[in-house]
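Coordinate inspection notes
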Amino acid sequence: MHADYRLLKKRILEERDKITDQELFTSSAYADYQSGMAETAAKRYHSGIQVIMEWDESDHADVAYTDNQTIHENAANPITASFPTRLLKSYSLTGLTGHECGHLLFTDFTALRLYIRSMENGSFYPSAPSATAIQNQYNLKEIIDAMTGKNTAVCRTLAKCAATIMNIEEDIYIEARMCQMFPGNFRLGIHLNNERFAEQIPSIQKQIDNNYQSFSIMANLIIQYCKAGELNNVTGYQGEYLDCLDTCIPFLDDAMYEPDPRERFKAVNEILIILWPYIKPLVEEAEKAKTPEEVQAHGKKLEETLGKQVAGGAPLPNGTGKPKLKRTGKLSASSISAGKKEAEKVLKEESGRIALQKTSQIAGGTNPGVTYNFDYKGSGYEESVNDILDALTQIATDKVNIAYEEELSEELQQQAKELYYGDAHKGIHLYVNRISHVEQHLKDAYDRIKAPLLTISKRLQKSVQEVLEKQRNGEKLTHLPYGRRFEPRYLCQDDGAYFSRMRLPGENPELAVALLIDESGSMSSASRITMAQQAAIILYDFCKSLQIPVTIYGHTEQSAVELYSYAEFDSLDNQDCYRLMDMCARGCNRDGAALRFVAEHLMERPEETKLLILISDGQPNGEGYGGTAAEADLRAIKQEYRNKGIILFAAAIGSDKERIKRIYQDGFLDITDLNRLPKLLPALISQFIN
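Residues numbered from 1 in each chain as written. Predicted model: local features only at pLDDT ≥ 70, side-chain atom pairs only at ≥ 80, totals over all residues. Heavy atoms only, no water.

1. Quick notes on the overall build of the chain
- The number of helices and strands found in the chain is 24 helices and 13 strands.
- Across the 690 residues that make up the chain, the buried fraction comes to 53%.
- As displayed, the chain has an accessible area near 31,400 Å², and 49% of this comes from carbon and sulfur atoms. (Helix = DSSP H or I, 4+ residues; strand = E, 2+ residues; numbered from the N terminus. Buried < 20%, exposed > 50% of the residue type's maximum accessible area, 1.4 Å probe, protein only. Areas by Shrake-Rupley, 256 points an atom, 1.4 Å probe, with all protein chains shown as cover.)

2. Points about the pairing of strand E3 (residues 70-74)
- Within E3, five of the five residues are buried, which leaves the element mostly enclosed by the surrounding structure.
- Of the two faces of E3, both are covered, the one formed by Thr70, His72 and Asn74 as well as the one formed by Ile71 and Glu73.
- Note: strand E1 (residues 50-54) against E3, five bridges, orientation parallel. Bridge pairing in E3 links Met53 to Glu73.
- Bridge count between strand E2 (residues 64-66) and E3: three bridges; the pairing is antiparallel. By the bridge assignment for E3, Ala64 is matched with Glu73.
- Hairpin connection from E2 to E3: three residues lie between these consecutive antiparallel strands, with Asn68 at a positive phi of about 85 degrees. (Pairing = 2+ DSSP bridges.)

3. Observations regarding helix H24 (residues 677-689)
- Between its first and last C-alpha, H24 extends 19 Å over 13 residues, near the 18 Å set by a 1.5 Å rise per residue.
- Of the positions making up H24, those classed as buried are Leu677, Pro678, Leu680, Leu681, Pro682, Leu684, Ile685, Ser686 and Ile689. (Expected span 1.5 Å × (residues − 1).)

4. Quick look at the sheet that holds E1
- Pairing within the open sheet is mixed, and its three strands lie in the order E1-E3-E2. Across the chains shown, the open sheet's two edge strands, defined by having one partner strand only, are E1 and E2. Ignoring strand direction, the axes of neighbouring strands in this sheet form an average angle of 15 degrees.
- Along the sheet face, helix H5 (residues 86-106) touches E1, E2 and E3 and points at about 145 degrees away from the line of E3. (Axes fitted to C-alpha atoms, helices over the stretch in contact; angles between N-to-C directions. Contact = heavy atoms within 4.5 Å.)

5. Some points on the packing of helix H6 (residues 109-120) against helix H8 (residues 152-181)
- Where H6 meets H8, the closest approach of the two axes is 7 Å, and the angle between their N-to-C directions is 150 degrees. The angle between H6 and H8 falls in the class roughly antiparallel. Packed against H6, whose contacting residues are Leu112, Tyr115, Ile116, Met119 and Glu120, the element H8 presents Cys155, Leu158, Ala159, Ala162, Ala163 and Met166 at the interface.
- Grouping the amino acids of the contact of H6 with H8 by side-chain chemistry returns 10 nonpolar, no polar and one charged. (Parallel < 35°, antiparallel > 145°, perpendicular 65-115°, else oblique. Nonpolar A, V, L, I, M, F, W, Y, C, P; charged D, E, K, R; others polar.)

Here it is, written out as structure tokens:
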């Protein structure tokens with residue numbers, strides 16, 4: 001199968017236009033894109049991070065969270081899904097990445113846990129609220145009275161309310177830090193999310209009509225004020241909740257961007273006193289819980305209520321320790337406000353704000369739903385579009401490559417059906433197995449073992465690199481017995497070699513290589529299959545690096561002859577090195593059928609020099625195929641393809657070396673020391689290059 005690259009490119013472009021939002025944002029290409037940005041932010045402070053993209057449209061599904069090593073993002077979250085174009089959706093997801101990186105870099109988890117633990121134990125940290133107003137003094141007394149009783153349910157309820165407000169302040173602080181440190185796509189995405197997040201919170205009146213807890217309503221007002229600086233109050237509500245928010249605002253403004261977490265804790269303590277009238281009903285309900293079971297049930301119910309009613313009620317990351325970046329001075333208000341204006345401009349240019357909608361394909365035909373101003377320079381706008389197109393192209397390329405590999409497998413199987421294998425193999429069916437989609441575990445396995453093997457390959461390449469370059473680029477040949485140019489300087493040697501000529505590029509025919517590996521059960525003994533696999537990895541890298549066409553097959557027999565295509569001449573996806581990790585010892589070995597198939601496969605190559613190498617540990621041993629008859633079949637196959645120009649070598653690594661030598665005769669390679677096998681095969685190929 002010969003690849004038509006123009007047709008493949010056309011198929012990739014066509015496939016790109018069919019990719020859905022779910023396919024794009026959950027693809028490995030897009031996850032790599034987000035991981036790259038996260039690593040850029042985190043590695044500066046000696047912290048690696050990986051982003052995993054998920055898709056969950058269920059109610060109350062997580063938006064994003066991190067375990068201090070991995071960021072999980074739900075690309076189907078309602079905030080991201082509400083944006084009208086893929087570019088804005090991508091910015092939104094980048095904002096989530098930036099938010100979680102902010103926690104990893106700037107959240108003081110040790111101090112935060114101390115604050116919450118102190119509240120659960122019935123005390124304020126780092127100090128009790130001042131409560132200067134008369135009403136606040138009364139509220140403080142009631143809270144202290146409630147905490148003094150050391151009722152577990154009461155203290156946990158207060159701690160939960162404190163954590164809710166603390167979470168809001170911590171989010172604002174770490175986002176502001178990220179916006180100041182990374183004023184590009186992170187800042188833009190964070191502000192876009194905050195604007196849309198605040199918009200999606202129900203209006204005050206709607207929350208009242210839906211019987212929200214009073215504390216939940218106040219928490220939502222605080223979130224809107226902190227994130228967007230405005231409230232969703234389309235009905236013009238005027239009442240106690242707004243009055244209470246006005247009382248909280250001075251503490252919010254003072255602590256929102258405060259680098260010392262203890263100052264933020266003090267502000268939360270003051271706000272708790274102000275919110276006490278709305279927390280008190282929750283505490284009174286908690287006082288009814290007496291037994292451990294009742295305490296647990298009350299805590300679970302409160303968690304569910306706040307999780308449903310308070311916007312973005314996800315807990316802080318389960319991190320540990322101090323922030324990666326030490327506290328610095330005050331945050332720049334100008335950099336934060338600049339980010340908000342930037343987000344408003346991009347949102348306006350991207351078709352304005354629209355109602356929540358779900359999309360499954362690119363808007364506008366072949367364009368990925370992006371309308372933008374090329375003159376806008378605020379945050380790498382054009383580069384972001386290209387990033388999405390790159391991810392789309394990668395996904396489409398992967399899909400087309402998989403389809404191509406499936407077509408290649410079908411073609412190989414058809415060739416196997418049409419090939420005549422001789423009387424010794426009548427009635428024998430042959431299957432060609434090829435992995436279309438390479439799983440991650442094969443890539444990981446290859447990455448674990450490749451380093452020393454590729455070092456051997458690189459060292460062996462150096463010995464033939466110069467010769468190959470001369471063959472391909474042309475060179476001047478001197479001291480010849482005949483040629484186009486007479487060279488007087490050689491007359492003194494009196495050997496008749498007085499001429500020179502130019503060898504043109506490609507004048508000497510190049511080489512194609514096929515490797516066939518016995519995967520019978522006995523190859524599991526003495527690490528034979530392992531050494532054969534290592535030899536295959538080195539040989540593949542050696543040939544690919546030197547642009548020598550190579551194909552690698554394994555073979556065994558179970559109910560039929562099974563061929564395993566690990567590397568193909570015409571493979572396009574650059575995944576064959578990983579396919580080699582699937583090699584293992586399996587069943588019996590019907591060498592003749594496998595050898596004939598691979599020889600025919602090699603015969604189709606245009607290169608004049610064709611080298612076929614067989615690795616085996618014993619004599620043929622298939623169903624009804626063994627002994628002298630099988631040996632005679634193999635000798636006949638060797639002679640047949642030798643007459644057709646194929647050079648065959650058999651590398652014997654088992655106890656039946658004499659039988660293998662008897663079969664393959666001058667093509668026999670004795671590998672007594674298995675450690676020589678990986679280096680021997682490239683060295684053998686080098687002979688045919690020289």
